[in-house]
Structures are given as C-alpha cells and as structure tokens.
Amino acid sequence: MTSPETLRVLNRVFGYDSFREGQHEIVDHVTAGGDALVLMPTGGGKSLCYQIPALIREGVGVVISPLIALMQDQVDALRALGVRAGFLNSTQDPDERRLVEAEFLSGELDLLYLAPERLRAESALRLLDRGKVSLFAIDEAHCVAQWGHDFRPDYLALSELHERWPEVPRIALTATATKATHAEIASRLNLEDARHFVASFDRPNIQYRIVGKNEPRKQLLELLRTEHAGDAGIVYCLSRRSVEDTAEFLVRNGIDAVPYHAGLDAPTRAKHQSRFLREDGLVVVATIAFGMGIDKPDVRFVAHLDLPKSVEGYYQETGRAGRDGLPSTAWLAYGLQDVVQQRKMIDGSEGDAAHRRRLSAHLDAMLALCETVECRRVQLLAYFGQSGTPCGNCDTCLSPPESWDGTVPAQKLLSTIVRLRRERGQKFGAGQIIDILLGKRTSKVGQHDHDSLSVFGVGTELGDGEWRGVVRQLLAQGMIAVEGDYGTLVATEAGDEVLYRQRKVMLRREPERAAKPAKSRRAAVSAELPEDAAPVFERLRAWRAATAKEQGVPAYVIFHDATLRQIATESPSSLTALGTVNGVGDNKLAKYGEQILEAVNTLPSTPPS
Ligand code: ADP
Ligand code: ZN
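Note that the coordinates shown come from a computational prediction; the quantities given were computed from them, not determined experimentally.

About the cut-offs
Residues numbered from 1 in each chain as written. Chains lettered and ligands numbered in written order. Predicted model: local features only at pLDDT ≥ 70, side-chain atom pairs only at ≥ 80, totals over all residues. Heavy atoms only, no water. Donors = N, O, S within 2.8 Å, 3.2 Å for Na, K, Ca; no water. Tetrahedral: all angles 85-135°; square planar, octahedral: opposite > 155°, others 65-115°. Pairing = 2+ DSSP bridges. Helix = DSSP H or I, 4+ residues; strand = E, 2+ residues; numbered from the N terminus. Axes fitted to C-alpha atoms, helices over the stretch in contact; angles between N-to-C directions. Contact = heavy atoms within 4.5 Å. Near = heavy atom within 4 Å. Polar contact = N/O pair within 3.5 Å; in protein donor to acceptor, adjacent residues only side chain to side chain. Nonpolar A, V, L, I, M, F, W, Y, C, P; charged D, E, K, R; others polar. Buried < 20%, exposed > 50% of the residue type's maximum accessible area, 1.4 Å probe, protein only. pLDDT = per-residue confidence, 0-100. Parallel < 35°, antiparallel > 145°, perpendicular 65-115°, else oblique. Left-handed = near helix turned anticlockwise from the far one by under 90°. Salt bridge = Lys/Arg side-chain N within 4 Å of Asp/Glu carboxyl O. Right-handed = clockwise from strand over helix to strand, strands pointing away. Domains from an automatic or database assignment.

**Things to note about the coordination of the zinc ion (ligand 2)**
- Distances from the zinc ion (ligand 2) to its protein donors, C375 (SG), C391 (SG), C394 (SG) and C397 (SG), fall at 2.3 to 2.4 Å.
- Each of the 4 donor atoms bound to the zinc ion (ligand 2) contributes to angles spanning 103 to 118°, and the resulting shape is tetrahedral.

**A look at the sheet that holds strand β13 (residues 328-334)**
- Taken together, the 6 strands give an open sheet; going across it, the order is β8-β13-β12-β9-β11-β10, and neighbouring strands pair in parallel fashion. Of all strands in the sheet, those bounded by a partner on one side alone are β8 (206-212) and β10 (257-260). Strand-to-strand twist of the sheet, defined as the mean angle between neighbouring strand axes without regard to direction, takes the value 15°.
- For strand β9 (residues 232-236) and strand β11 (residues 283-286), the ladder comprises 4 bridges, and the chain directions are parallel.

**A short note on the environment of R217**
- Counting through the fold element by element, R217 comes out in helix α10 (residues 216-227).
- Discounting chain neighbours no more than four positions away, the residues touching R217 are S242, D245, T246 and F249.

**Examining the site of ligand 1**
- In the vicinity of ligand 1 lie 15 residues, with Y16, G43, K46, S47 and H560 positioned nearest.
- In the environment of ligand 1, a nitrogen atom lies 2.9 Å from a nitrogen or oxygen atom belonging to the side chain of Q23.
- G44 is positioned such that a nitrogen or oxygen atom in its backbone is 3.5 Å from an oxygen atom of ligand 1.
- With 3 residues, the single largest contributor to the shell around ligand 1 is helix α3 (residues 46-56).
- Residue composition of the shell around ligand 1, grouped by class: 4 nonpolar, 8 polar and 3 charged.

**Here's the deal with helix α9 (residues 179-188)**
- When we look at burial in α9, the residues that qualify are T181, H182, E184, I185 and A186.
- Packed against the buried residues of α9 are β1 (36-39), α7 (152-156), β6 (170-174) and β7 (195-198).

**A few points about the environment of M479**
- Tracing the chain through its elements places M479 in the loop between α21 (464-476) and β15 (480-483).
- You can call M479 buried: its relative accessible area is 1%.
- When neighbours within four sequence positions are excluded, M479 is seen to be in contact with L414, L474, V490, A491, T492, A494, G495, V498, R503 and V505.

**With respect to unusual backbone geometry**
- With a phi angle near 50°, E140 is a residue other than glycine that sits in the positive phi range.
- Taking relative accessible area as the criterion, E140 reaches 16% and is therefore assigned buried.
- Residues other than glycine seldom take positive phi values, yet S571 does so here, at roughly 45°.
- Along the chain, S571 turns up in the loop between α25 (561-570) and α26 (575-579).
- The class for S571 is partly exposed, based on a relative accessible area of 37%.

**Considerations on the confidence of the model for the protein chain**
- In the predicted model, the protein chain carries a mean pLDDT of 89, and the fraction of residues at 70 or more is 94%.
- Ignoring residues within four places in sequence, the model shows residues 517-524, a span with pLDDT below 50, making 26 contacts including any to other chains.
- Every residue in residues 605-609 scores below 50 in pLDDT, and together they form 1 contact with partners more than four places removed in sequence or on other chains.

**Re the packing of helix α18 (residues 407-424) against helix α19 (residues 430-438)**
- Running from N to C, α18 and α19 cross one another at 110°; their axes reach a closest spacing of 10 Å. As far as their axial angle goes, α19 and α18 are roughly perpendicular. In terms of crossing hand, the pair formed by α18 and α19 is right-handed. Of the residues in α19, those touching α18 at K412, L413, T416, I417 and L420 are I433, I436 and L437.
- Residues that form the contact of α18 with α19 fall into these classes: 6 nonpolar, 1 polar and 1 charged.

**Focus on the pattern of salt bridges**
- Under the defined criterion, the tally for this structure stands at 33 salt bridges.
- Its salt-bridge partner being E215, residue K218 comes within 3.3 Å of it at the nearest N-O pair.
- The exposure class of K218 is exposed, given its relative accessible area of 52%.
- Here D298 makes a salt bridge to K296, at a shortest N to O gap of 3.2 Å.
- Each of the salt bridges in this network shares a partner with another, and the network as a whole consists of D280, R541, R544 and D561.

**Description of the pairing of strand β12 (residues 299-304)**
- Counting buried positions along β12 gives 6 out of 6 residues, so the element sits mostly inside the fold.
- Here β9 pairs with β12 via 5 bridges, running parallel. Within β12, the residue paired with Y236 across the bridge is H304.
- Pairing between β12 and β13: 4 bridges, direction parallel. Paired with F301 across the bridge in β13 is T329.
- As for the winding sense of the linkage, the β-α-β connection from β12 through helix α13 (residues 311-318) to β13 is right-handed.

**Thoughts on the domain arrangement of the protein chain**
- Under the domain assignment, the protein chain is made up of domain 1 (4-198), domain 2 (206-401), domain 3 (403-509) and domain 4 (529-601).
- Once you take the C-alpha centre of each, domain 3 and domain 4 turn out to be 59 Å apart.

**Some thoughts on the sheet that holds β1**
- As summarised here, the arrangement of the 7 strands in space is β3-β4-β2-β5-β6-β1-β7, forming an open sheet in which the pairing is parallel. The open sheet has two edge strands, β3 (85-88) and β7, and neither has a second partner. For this sheet, the mean angle separating the axes of adjacent strands, direction not counted, is 20°.
- Note that strand β2 (residues 60-64) and strand β5 (residues 133-138) share 5 bridges and pair parallel. Bridge pairing in β5 places V63 opposite A137.
- Taken strand by strand, helix α2 (residues 23-31) contacts β1, β5, β6 and β7, and its axis lies near 160° from that of β7.

What follows is the structure, encoded as structure tokens:
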C-alpha cells in the first residue's frame, strides 16, 4: 500500500524525504487501526512509527513512557516541529496539569505523553474516556518483562487498555532484542494478535572495536584526542570510584568531562545529565546507571573501560551512540583482570546455582565476542538470532587478527597449575604462574622455591603480555577457572582434556600494542566535510548553540548535526532549496530559514568579487 498522506506528513512536519527500514509498513498498519509490536534498535526511528499515525488519525495519540525526566525535551522537540504535544506526570504542579487536561479534552493536542503510573489512577482513565484517543503507544515496552524494572507493576496494568478501549489501536515499542523478552511483551500486553515487526538490529554506522587493556585511561585519552576531539560521548566504568577517577583524569587532560553515578546527590546528577543533553561535546563518565532512555542523537562514541556483564548490556550501552546515523565508535578495553573479577563476582553472587549458571552463560557470550577472530557485528547479530555478512566496519574486519594454534602454550600453563597443586599443594594467580613460565627470579619465586619446579622458565617463547592473553583466553574458553578471593587459577575438565588428551586450543594473536584499524576514521564531527563547508558548519553550530540556549532546549531540538552538515555542504541560497534538506520541515523553515541563509551566505569563505 502506498500512502501519500503519510509521506506528506513525513516530509512537511519532520522534513525527511523517505522512511527508514520498517517505518512505512508500521505507520500504515497503525494508521489503519491495527495493533503492532515493534522491535527496532535504538536510533532506528521508533518515534515516527506512532507520531505520524497520531497526526493522521482523529483524536490524541497517548504515549506511555517511563522516562519522566525526558518528557519535557520530547515535547519541546515536537513543538519545535509545530506538533501540538503535551505531557502529564508527577513533576507538574496542579495548574500545569489542568491546562494540559483541558487541551486534551478540547482536542487541541496531537500527542499526550503519560507516565505509566498515571494510568493506575481512575481519574486519569476517566479523563481519557472524556476525550478522544487515537492510539496508545507503549514505549520502552520491555519494562513489562520480568527482570529489574521499577515500572513493571505499572506496565502490567497496561494489559487492560485493550479491554477498556477495544477499538483504539495499540503499538508497543522496544529496542530490546532477545526472543524471551519479545515473547513476554506479547503475552503480558495481550499483543499476540498484533502484527509483529522485527527490524534488523544492525547499527551500521557504529564501528565496534575491542582492544586489549593496557593502560586503559591513556588508551581512552588517545582515542578521544585522535578521533573524537570535541565530540559528545559516554565512558562506562564499573565502580563509582573509577568513574570519579576517570572523569578527573580526563579533565586534567583537557577533556570536558563530568561524572555520573548513583552515589552523587540528585541535583548533581540532574545537572550533569542536563548538561550532557544540552551542550555540544560533553563527555559523561558513568556507571551503567546512566543512559536509559537518553535519546541524545549525536553521541559520537561509547567507551567501556570495564567488561560489560552480558552481550545484551553491551549492545544496549553501545547503542546509545550514533542515533542520528552518523559514524560513531563503540570502543571497549578489556583484559585478564576483567575476567578474573567478573568470575569472582559471579561466584560470590546471591541466588541459587541456576542463577549463577545464567550469569556465567551471559559472561561467556560476552567473552566469546571479545575473543572472536570473526566480524564482531556478525557475532553480535547472531547472538540476537539475526544473520549478517562481514561488515568492514569493526576492528576484526579492518585489521583481521590471526588465529594460532596455542595448544603447546596452553599445556605449559595448565601443567604449571597442576604441578603446583600436586607437588606443592599450592594455588596461585596469573601473575605468579606467568613469572614461573618466564623463569623470572622474583622475590616471591625465591620465597616459594618455585625455581626448582620442572616448568620453571619453559615459556620464554612468549612475552608477559602474550601470556596474559593466553590466560585470559583459556579463562574465556573455560579451560581454566578462577577461585576464591585471590583469583587463584585451577584447571577445569576441559583443561584436563588439553593437558592429557591433546585437545587443540586455537587462540587469537595478541599484539603487544593494539593495532589501529587500517582505515582510521575522521577526527571530530566537522572533519570529513569538504574544505569550504567546515567553517560554515562551525558557524551553524555556533548559531544553533546560541538559539538553543535562548530557548532553554537541547541543541538537537533546533537541528541535528546531520542537518547542519547537509546545509553546510549544499550551501542553499534560497528558502526553497533549504526546505529540501533532510530535517528541515515547514515549521523550522518558517522559523529559522532566514537566519540560516544569512549564516550560510555571509561567510568570509565567499571571495570578494
Ligand atoms: P529510537 O526511538 O528508535 O531510538 P528515534 O525515533 O529517536 O529512534 O529516531 C532516531 C533518530 O533518527 C532521530 O533523531 C530521528 O529524528 C531520526 N529519524 C527517524 N526517522 C527518520 C527518517 N525516516 N529519516 C531521517 N531521520 C529519521
Ligand atoms: Zn565486521
């Protein structure tokens, strides 16, 4: 079905020429009154899937979203497009609320955002009864799924929407890709009969890179300086302490960075989050408490200084980069200590054996992604049950690692572990075992008389870093395990097979210094623009910053980077030409058109004639 109406709205209101994958079908289906369950990655463009039907259908589209702190920004962004939007949540005073309710009842709204807990109040339900609802959009729909969401009870109550308003279409949306979550959303929200739309979970503009951890903060600084100068990004660390230390380190080195973790007081957290959303080019160093629902489109990089606990977590966190579709980096530094620490955390975790097995399986999948010699993206998509071909935009595609037969080194390592236990009744951590293999006469070696072991010095063919890589990979492959508080190593059954039954071990070559991807990317956002467009872009950015500040809205609410880039490149000389730029709809054209033409056309780059 072709629907000129939806295309017209896409073009006139949002300023876009074409739909992205999946959007058109969903928009048509919901506009026609159908129920939908939509799985689409972050940045895939879920919002349009309910916003356009809400604009076309008679009545007000009601959007249920748990992200109360972001409602104001979402509504501001819609108003900037000329869409009549409002919200109702606990942050408002009664007067503000009454005003929005009156607008809703008199049909002066296209979209109404509601916090889920509102719908449990009979008064809110009666309000909806008295107005005309065009559709219900249930955003962040994975909140109904079992684990770990505070909003869960409120979301479960949403299953009743259908009974109360059977004729109103419902569209549930999530970026959580796993099959289990998908099934649970469908059943909890009574959406089994809805049409299910599952988009590709690939994020082609994100470049995935996983590097060996060396001096992680220095490695991070190098990444920021060489590839992301002046860019906005998120750096994830596991502990509050390392969040603080890393933020300080970056600031000391001239990077505009702020910390964010649950130990900071609420006003400080709110201030840092709001600066991140509103300013250009701020770096937030955070625990994973930060980021849910952050829909800042121009996050240019997400860096992990510690290993995420699962592939889902990794995918979600890295997914916050590059919603606007421009090139972005997902960078992770990972080392032996990460594996040791996470195994220890799992062993010490509360809950039964089944729970620990689940955590362990999550970690194993994450480790497999780190150690793969294949395309990261193919592996990532395979985890979500989707297929792909080598992408050319991840570190393993750009500089393919070698895989080598590591059976002999693995046997030497395992043999050292086994001998220490058998001959001496001892267990040690990786450091001591590697020192023995390398034949290092340290004081600890002397103290324990380890230089008299037959394996002392049998491993000089590899360096210290390479041995750490071997240990890490054997841990990842489950041939050795860590035990106890000191991270001592033991051989597993699989390890015994290597040692006694010649099971082959394939390892990934560990460069002593991580090689840079062959094709190094642009530096900051403004690079890679044609030479004479770069100053125009910077000028437009400055205009945007001033305008956003004046209006008290995030810069991206005025225009996205992608739109400014296109304007700078095409350098339009008339309003008509400007109107064809992606992201310039009727409303923004009328409001900012003249200012932009002026900024574009009064540049020093135009030589005097
Ligand atoms: P999601 O909610 O799926 O993470 P959004 O709805 O926030 O994604 O959209 C991500 C970004 O892509 C937004 O900045 C949005 O304006 C932009 N976008 C969405 N659809 C299109 C389209 N058809 N053409 C161009 N840009 C789009
Ligand atoms: Zn790849």
